[in-house]
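# Descriptive structure summary
What follows is the residue order along each chain.
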Amino acid sequence: MNSVEVSALHWATAQPTRLVWENGLIRTLEPGPREMPEKVWLAPPLFDLQVNGFGGVDFQRDDLSAADLSRAVHALRLAGCGRFLFTLITAEWPRLTARLARAAALRAESEDLQSAIAGWHIEGPFLSSRPGFHGAHNPGLMLDPTPEHLRELRALTGRDPLLLTIAPERPGALDAISLAVSLGCKVSLGHTDASAEIIQAAVQAGASGFTHLGNGCPRELDRRDNILWRVLDNARLTVSLIPDRIHVSPALFRFVHKLMPSERVVYVSDAMAAAGAAPGRYTLGALELEVGPDEIVRQPGQTNFAGSALRQIDGIARAAAMLDVPWQEVWRRMSELPARFMELNQELAVGQPATFCLLNEDASRQRPSLRFFAQGRECHALRRGDAHESCLGRTENGERNGIGQYGSVAGDAGVRQPGAGGQIGSV
Ligand SMILES: [Zn+2]
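Residues numbered from 1 in each chain as written. Predicted model: local features only at pLDDT ≥ 70, side-chain atom pairs only at ≥ 80, totals over all residues.

### Description of the overall build of the protein
Within the protein, the secondary structure is distributed over 11 helices and 23 strands. Expressed as a percentage of the 427 residues in the protein, the buried residues total 50%. Long-range contacts, defined as pairs at least 24 residues apart, comprise 68% of the intrachain contacts of the protein with a sequence gap of at least 6. (Helix = DSSP H or I, 4+ residues; strand = E, 2+ residues; numbered from the N terminus. Buried ≥ 20, exposed ≤ 12 C-beta atoms within 10 Å, placed from the backbone. Contact = placed C-beta atoms within 7 Å.)

Shown next, in the form of structure tokens:
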């Protein structure tokens, strides 16, 4: 017998819940005992629609390796994120597609990477090249989308979930959106200054999202008519927000929640390599970026932000604090809701991998401490230079301790072998 179980409160219903897993798969999920550790919660892993790199690994590298990806996946899990869309930003078209082909081949060879990389997000080069709207993307590399571009992306990704961010005012974009949707892609508008009429036409063509609202636009906007008002006036788009207090001000963050239908607000980290790693200099493709202790990502000498260094669990805590609600109320905005947007299931269920978060509220109601289990094995922070057994198997390079800043989880988080009284701290 090598089954293991945990009893904890269900994140959404607050009901005591008993989860039993065996060989990495959930065997039982049922109401739990009344007497159980308090303040320990069971939640599905976070799902991030936009990750450009993580844990010191830049996904825009031409020579990305399987070890790099595993390292990033491990660091993401330590931040509570069990699934994500591998995101590529604007580059020369042949280079971008080569990077996508390489990542897809690496993922195809690893069940672990398949479980973590839920699909792909291509953010560029079909974006606005206007000042301010292109953000950190190179405006000289922007393209109008053609049917050939879309078919090439679809051929490289097979039937995998594929999200495209497109500026609908580009010539040919509305037809491209229709074609992309007919090819099974999701289309999110972004890095755009489209008129209200073009946004409406893009929605009719099948666009269903808006990428990181409040960013990908100039710092100064016309107060009377700007891209924020036009998007907020259109209730049919699912908008993503970067919940770090920096990319979107707390007032705008709260305002978007009040204004939009609740099901249509999701969170993304837009993280780059510095997330889950130490402050310093990092690359995002051809860009050299600086990340300070404040975790703000800047192009040296410029004021615009270039992605974030946000860990997903920090985003949950900051969102809960900005909205003044418990973390449980915002968890679905980075789990269930983005998964549903991509037409994927994110529920914990019998037969599914035992990949979940255990959250302990000893710290606070808005900032719980976290333990992450991937296919039934607990992920542990690695120390630099150590070779450890991790949730990935043997891994060589370490990364910053991702749990320490929340304080360690109390020993009684309730992970036990069925029938045995003793604790199993790690499985
Ligand atoms: Zn962007």
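### Some remarks on the sheet that holds strand E17 (residues 297–298)
Strand order in the open sheet formed by three strands is E15-E16-E17, and the pairing between neighbours is antiparallel. Of all the strands in the sheet, just strand E15 (280–284) and E17 have a single pairing partner and so form its edges. (Pairing = 2+ DSSP bridges.)

### Quick word on the sheet that holds strand E11 (residues 186–189)
Read from one edge of the open sheet, eight strands run E5-E8-E9-E10-E11-E12-E13-E14, paired in parallel fashion. The open sheet terminates on both sides in strands that have one partner only, identified here as strand E5 (46–51) and strand E14 (265–267). In the sheet, strand E10 (residues 162–166) pairs with E11 via four bridges, with the strands oriented parallel. Paired with Thr-165 across the bridge in E11 is Ser-188. Strands in contact with helix H5 (residues 173–182) are E10 and E11; relative to E10, the strand with the most contacts, it is inclined by about 170 degrees. (Axes fitted to C-alpha atoms, helices over the stretch in contact; angles between N-to-C directions.)

### With respect to H5
Within H5 the residues assigned to the buried category are Ala-173, Leu-174, Ala-176, Ile-177, Leu-179 and Ala-180. Tucked inside the fold, the buried residues of H5 contact helix H4 (147–157), E10, E11 and helix H6 (196–205). Just beyond H5, the residue with positive phi is Gly-184, at close to 90 degrees.

### Remarks on the confidence of the model for the protein
With 88% of its residues at a pLDDT of 70 or more, the protein shows a mean pLDDT of 88. When the criterion is pLDDT under 50, residues 386–414 qualifies, and its contacts beyond four places in sequence or with other chains add up to 76 contacts. (pLDDT = per-residue confidence, 0-100.)

### Quick look at unusual backbone geometry
A cis geometry characterises the amide bond from Gly-124 onward to Pro-125, with omega recorded as 10 degrees. Within the secondary structure, Pro-125 sits in the loop between strand E9 (117–123) and H4. Its identity is not glycine, yet Asn-23 carries a phi of approximately 50 degrees, on the positive side. With respect to the element layout, Asn-23 can be found in the loop between strand E2 (16–22) and strand E3 (25–31). In this structure Asn-23 comes out as exposed when scored by C-beta crowding, with 10 C-beta atoms within 10 Å. Look at Gln-375: it is not a glycine, yet its phi comes out positive at around 45 degrees. Note on placement: Gln-375 falls in the loop between strand E19 (369–374) and strand E20 (377–378).

### A few points about the pairing of E11
Consecutive side chains of a regular strand alternate in pointing toward one face of the sheet and then the other. Of the two faces of E11, both are covered, the one formed by Lys-186 and Ser-188 as well as the one formed by Val-187 and Leu-189. Of the crossover connections in this fold, the one passing from E10 over H5 to the parallel E11 is right-handed. Note that E11 and strand E12 (residues 209–210) share two bridges and pair parallel. Bridge pairing in E12 links Ser-188 to Gly-209. Crossover handedness for the path E11 to H6 to E12: right-handed. (Right-handed = clockwise from strand over helix to strand, strands pointing away.)

### Quick look at the nonpolar core
With 118 residues, the main nonpolar core has Leu-42, Phe-84 and Met-272 as its most contacted residues. When residues of this core are assigned to domains, at least three fall in each of domain 1 (4–42 + 347–416) and domain 2 (46–341). Contact partners of Phe-84, with chain neighbours within four places excluded, come to Phe-47, Asp-48, Val-51, Leu-76, Ala-116, Ile-117 and Ala-118. (Core = buried A, V, L, I, M, F, W, Y, C linked by C-beta atoms within 7 Å. Domains from an automatic or database assignment.)

### Section: the pairing of E15
As paired elements, E15 and strand E16 (residues 287–291) share five bridges and run antiparallel to each other. Paired with Thr-283 across the bridge in E16 is Glu-288. Between E15 and E16, which pair antiparallel in sequence order, lie two residues; one of them, Gly-285, sits at a positive phi of approximately 60 degrees.

### Focus on the environment of Cys-217
Residue placement: Cys-217 occurs in the loop between E12 and helix H7 (227–232). For Cys-217, a count of 23 C-beta atoms within 10 Å translates into the label buried. Separated by 25 residues in the primary sequence, Cys-217 and Thr-192 have C-alpha atoms spaced 7.3 Å apart. Apart from residues lying up to four places away in sequence, Cys-217 is in contact with Gly-132, Phe-133 and Ile-227.

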